[in-house]
Amino acid sequence: MHAGRRMVRATAKVATAKVAARPAFARLTALLGAVVIAVAALLFIAAPAFAVPPVSSVADQLICQCGCAAVLTDCPHQECGWGIPAKQYIGQQLEAGRSPEALVQYYVEEYGEQVLAAPTKRGFNMVAWVAPFAALIIGAVAVYFLIGMWARRNGSDVEEVPFREVGLAPEDLERRLDNELREFD
Amino acid sequence: MNQIGYSALLLAVLTSAFGLIAPLVAVRTGSRGWLKSAERSVYGLCAVSLVASAALVYALMTRDYTNEYVYNYTSNELSWFYTLSAFWAGNSGSMLLWLVILAVFAAVVVWQNQAKNREILPYVISILMSIALFFSLMMTASRGSNPFAMVPAGVFPANGSGLNPMLENPGMVAHPITLFLGYVGFAVPYAFAMAALITRRLGDFWIRSTRRWTVFAWIFLTIGNIVGAWWAYVTLGWGGYWAWDPVENASFMPWVTGTAFLHSVMIQEKKDMLKVWNIVLIVLTFSLTIFGTFLVRSGVVSSVHSFGQSSLGFFFLGFLGLILVFSLNLLFSRLDMLKSRNELDSFVSRESSFLLNNLLLVGIAMTVLWGVLFPIISEAVTGNKVTVGPPFFDQVIAPIGLVLMFVTGICPLIAWRRATLANLRKNLMVPGVTAIVVLVALIATGMRHTYAIISFTLCAFVVTTVLMEFARGAWVRREMSGENLAKALVSLTWRNKRRYGGYIVHIGVILFLFGVTGSYAFKQQESRTITKGESISVGGYEVTYDSFDSYDTTEKRVGTVTFTVAENGRFLGTVAPRKEYYFAKDQPWTRIDRNVTLTRDVYVSLLDYSAETGEANVEVRINPLVSWLWIGGIVMVLGGIVAIWPDKRDAQRLAARYERQVRLHEI
């Protein structure tokens, strides 16, 4: 009888601790999330501005048309007949006050969209940008439900599993190490 | 000698065809004689492909210019070292390299399995020999891929065209051979997987039997990719090491899926789960190695690395289609037998984190594949040609990679089978605090590059979690054995090679990403024409023109400018980049030089010079933290070697498990 009461009390304690831990963890997660977003926003706001954009602001967006298939900035041909004059032209135009966007547009009009180092984020090209993330999100949702299903099938619930203490007493560590290595091997 | 080489290739066709059929006859008839013949055919293939290789080496070293391949890739002036590397400088030589590596691996597999895996060995042989048949057929049936094709009759060239100067680098000697060792290495686990499916012996023994092969292939694919990056960095002269070129992507994709496979097989070994997924992963990995070989030879995508446009690529595409149809058909026909109990003890467990890691790794591989194929898809759908280059990959892969870094850090903190959120939170404390301290320090010191800040923070987080694992384990060992901490650390690692080898690999990956982040986010460059005594200043470094020298050899004209490198007036050393002009190929080439420290490379290219005026057009780049890429690569490989190192206890466990599975008729 007493043993039964102790078990009930112990279960209640664990349950109370779980209930208390959940909002605390949620608050911590929310706080961390807010900090990360705030830092990211500050960093973007604090990004330095250039008086005259460097040649790379345009050359990084273009593919060299010499046949090397490299980004214009990184064309490996030291005497490239297309890349070197193009970079000089871009430099002159930027100095003259032409914007990087206008220069990129100029090259698109001259050579077609394939001169761009990456697809535009318009029309069918959006598929290129969206598909990987969409597939990953769908995959993540599928993995989430699979893990949930497999965990339920085993009949165990994470919150009911007592925490295996690690990192404190050497004997606990030893036990954990042995267990894990045995399980691992 | 060419005739001997070609005859050896013809024999390779016959031997591999026999090796494909004989094991199947052995299974059908139950004849031990046929199986013995099949095994000997593997040794026979190994012998004839070695003879063919020796014949090519002989033709190269003796400068037999009646051999078209020798004529195209060597010259009288080429050193013996690079003459040897001309073996794999062209398409047909690299095909022969594929064949000989595969033949040697198949012979090792047969030798290793004389007393085990006898039930599945015939199918393993048959599959490996079918791959060998494809390669030997390609070399004998197509003149363009025959390394023993002759120049037109009556022509006796006095000198060859010479090797492309960009291939005259130790990196390009090692890169193809290590990459191929990786590519072909994955054929072994693939063959075992297919054999397990065919024989319906679907326990985890095929995974355990080929674990070393998988790690071996992974190690060499890692070396191949990193040496390739190093070669690009020191040879191509553009100051970078990775350009998301389709051919680079082709060797990166199987590395990523192979990494996913190495992780997911642990779940099958521990939990008897993910059986279907593991087979999908090894099929995908092997298919991607063939896809890479196809890309290099097809000309369907533009690449600085490709062997040019040829119809050969489409044979590879056909072979790839055949592999996929065969493998997936076999997989679907065995789906009911591959059902796992699929039970997890907990939602929060290391198993779950492995699933997430697999999702991200395969996501990265498929994103890269998507990027490679999108130009073809776009043109087919809209008729509009587009290019998918580095900005796309940087923007799409980087966020996924950062999440993967986070998962890599979280993983060791979560116990196998089950863990609570409280447990996780507790274990997160030290690495989390470390990461926050690093984050604050980076921002406080003025860093403003968002990705770099996140990446460096995650580097700190992951390294802390892994070091904590080592520290905890070593501490326990010290308490148990009384050893000092250093000795405890070594013996801990040595007694659990697989686990701690894996952690060493993780440290290597993080060091590598540390270098990638620094060199990507903070590189600076300046190029200008200067004369003697003038300087170029970039990022606090001064590169000053000291002297000029020019001389001719029989092969080339060489111009060298020596520069002094200084930081805020403090002398650091000299660099001497060269500009070369190859007479026979009418080709100029630049040999860069660097002043290297752990924090940055001062990377100097001599773009052009005037022998008359002494003027030099120079490009100076400051590439921060690049050395950590190579250090990270070395650590990754060392970790792989630790994980693969023979372990008597592991062998005993494997033998006991094999016996148990035999008793249970699982294999």
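Residues numbered from 1 in each chain as written. Chains lettered and ligands numbered in written order. Predicted model: local features only at pLDDT ≥ 70, side-chain atom pairs only at ≥ 80, totals over all residues.

**Details of the overall build of chain B**
And then number 1: Assigned secondary structure in chain B consists of 21 helices and 10 strands.
And then number 2: Radius of gyration (C-alpha) of chain B: 27 Å, near the 26 Å computed for a compact globule of 667 residues.
And then number 3: Overall, the C-alpha framework of chain B stretches about 85 × 75 × 60 Å when taken along its three principal axes.
And then number 4: Within chain B, the fraction of its 667 residues that count as buried is 54%. (Helix = DSSP H or I, 4+ residues; strand = E, 2+ residues; numbered from the N terminus. Rg over C-alpha atoms; globule rule 2.2 N^0.38 Å. Buried ≥ 20, exposed ≤ 12 C-beta atoms within 10 Å, placed from the backbone.)

**A word on the packing of helix α5 (residues 91-112) of chain B against helix α7 (residues 170-185) of chain B**
Packed helices, taken two at a time, are described by the angle between their axes plus the distance between the axes.
Residue and element names in this part refer to chain B.
And then number 1: In the contact formed by α5 and α7, the axes pass within 10 Å of each other and the chain directions differ by 50 degrees. Here α5 lies oblique to α7, going by the angle between them. Pair α5 / α7 crosses with right-handed handedness. Where α5 approaches α7, its residues Ser94, Leu97, Trp98, Ile101, Leu102 and Phe105 are matched on the opposing element by Pro176, Ile177, Phe180, Leu181, Val184 and Gly185. (Axes fitted to C-alpha atoms, helices over the stretch in contact; angles between N-to-C directions. Parallel < 35°, antiparallel > 145°, perpendicular 65-115°, else oblique. Left-handed = near helix turned anticlockwise from the far one by under 90°. Contact = placed C-beta atoms within 7 Å.)

**Here we look at helix α16 (residues 421-444) of chain B**
Residues and elements named next belong to chain B.
And then number 1: Along its length, α16 shows its largest kink, about 45 degrees, at Met429, and proline Pro431 lies within four residues downstream of that point.
And then number 2: Within α16, burial applies to Asn423, Asn427, Pro431, Ala435 and Leu439.
And then number 3: The secondary structure elements touched by the buried residues of α16 are α15 (390-410) and α17 (450-481).
And then number 4: Directly beyond the C-terminal end of α16, a positive phi value near 100 degrees is found at Gly446. (Bend = angle between axes of the 7 residues up to and from the residue.)

**Observations regarding the nonpolar core**
And then number 1: Within the largest apolar cluster, 209 residues are counted, with the highest numbers of intra-cluster contacts made by Leu102, Ala106, Val124, Leu128 and Ala132 of chain B.
And then number 2: Per element, the largest residue contribution to this core is 17 residues, and it comes from helix α10 (residues 211-236) of chain B. (Core = buried A, V, L, I, M, F, W, Y, C linked by C-beta atoms within 7 Å.)

**Focus on the environment of Trp82 of chain A**
And then number 1: Following the sequence through the fold, Trp82 of chain A ends up in the loop between α2 (56-59) and α3 (83-95).
And then number 2: Other than its neighbours up to four places away in sequence, Trp82 of chain A contacts Cys64, Gln65 and Cys66 of chain A.

**Some words on unusual backbone geometry**
Residue and element names in this part refer to chain B.
And then number 1: A positive phi angle, near 50 degrees, is found at Asn568, a position not held by glycine.
And then number 2: Along the chain, the position of Asn568 falls in the loop between β4 (556-567) and β5 (570-575).
And then number 3: A count of 7 C-beta atoms within 10 Å places Asn568 in the exposed class.
And then number 4: In this structure, Leu625 is a non-glycine residue whose phi angle is positive, near 60 degrees.
And then number 5: On the secondary structure map, Leu625 appears in the loop between β10 (616-624) and α20 (627-644).

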